[in-house]
Amino acid sequence: MDRVLSLEKLQSVYECPISKAAARLNIGVTVLKKYCRWYSIERWPYRKIHSVDKLMDQLNELEDDAVVAQVKQELVVIRERLLCDPALHLDEKVKRLRQAAFKYQYKQRQQPA
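Everything numeric here is computed off the predicted structure, so don't read it as measured data.

Conventions we followed
Residues numbered from 1 in each chain as written. Predicted model: local features only at pLDDT ≥ 70, side-chain atom pairs only at ≥ 80, totals over all residues. Heavy atoms only, no water. Axes fitted to C-alpha atoms, helices over the stretch in contact; angles between N-to-C directions. Helix = DSSP H or I, 4+ residues; strand = E, 2+ residues; numbered from the N terminus. Parallel < 35°, antiparallel > 145°, perpendicular 65-115°, else oblique. Left-handed = near helix turned anticlockwise from the far one by under 90°. Contact = heavy atoms within 4.5 Å. Nonpolar A, V, L, I, M, F, W, Y, C, P; charged D, E, K, R; others polar. Core = buried A, V, L, I, M, F, W, Y, C linked by side-chain atoms within 4.5 Å. Buried < 20%, exposed > 50% of the residue type's maximum accessible area, 1.4 Å probe, protein only. Phe/Tyr/Trp six-rings, centres within 6.5 Å; stacked < 30°, edge-to-face > 60°.

Q: Looking at this structure, I do not really get the packing of helix H5 (residues 66-84) against helix H6 (residues 92-110). What am I missing?
A: Geometry of a packed helix pair, given as the angle between the helix axes and the separation of the axes. Their axes nearest at 12 Å, the elements H5 and H6 cross at an angle of 120°. When the interaxial angle is binned, H5 and H6 end up oblique. In the packing of H5 onto H6, the handedness of the crossing is left-handed. Between H5, through Val71, Glu74, Leu75 and Ile78, and H6, the contact on the second element is made entirely by Lys93, Val94 and Leu97. Class assignment for the residues of the contact of H5 with H6 results in 5 nonpolar, no polar and 2 charged.

Q: Hey, could you run me through the nonpolar core in this one?
A: Within soluble globular proteins, side chains that are nonpolar tend to cluster in buried spots. The biggest cluster of nonpolar side chains holds 29 residues, and the ones touching the most others in it are Leu10, Tyr14, Leu25, Leu32, Trp44, Leu75 and Leu82. Secondary-structure elements contributing two or more residues to this core are helix H2 (18-24), helix H3 (29-38), helix H4 (46-60), H5 and H6. Ranked by residue count, the leading element in this core is H5, at 6 residues. Beyond its immediate stretch of four places on either side in the chain, Leu75 contacts Val52, Leu55, Met56, Leu59, Val94 and Leu97.

Q: I'm lost on the packing of aromatic side chains in this one. Help?
A: For the structure on display, the rule yields 3 aromatic pairs. With a centroid separation of 5.2 Å and 50° between ring planes, the pair formed by Trp38 and Tyr39 is classed as tilted. Judged by relative accessible area, which is 47%, Trp38 ranks as partly exposed. Among the aromatic side chains, those forming a connected cluster through ring pairs are Tyr35, Trp38 and Tyr39.

Just geometry here; none of it tells us what the structure is for.
Right, dumping it as structure tokens:
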């Protein structure tokens, strides 16, 4: 590769969709994918990070209590770990939380105004 892109520079754009990340780095998507393969990043981590961010936003709308605060803290830790290791798999607890949040939102939309 002609111009080597550092892992830190790549990590700085994990929070963007892959096309926007490539544009910010002034390279094409194909070249960005080559760098990802070079650094052993199998999938672009944007969707995982965005999912965790969305869960944190939904938790911010709830009343604060000890359980909500603990879950928020766990999500912050998971988000930081995803930024360091994009191959990290979300554990079952996060998946169940995401499913519960989706069901809650669905029920809110179904209620008559």
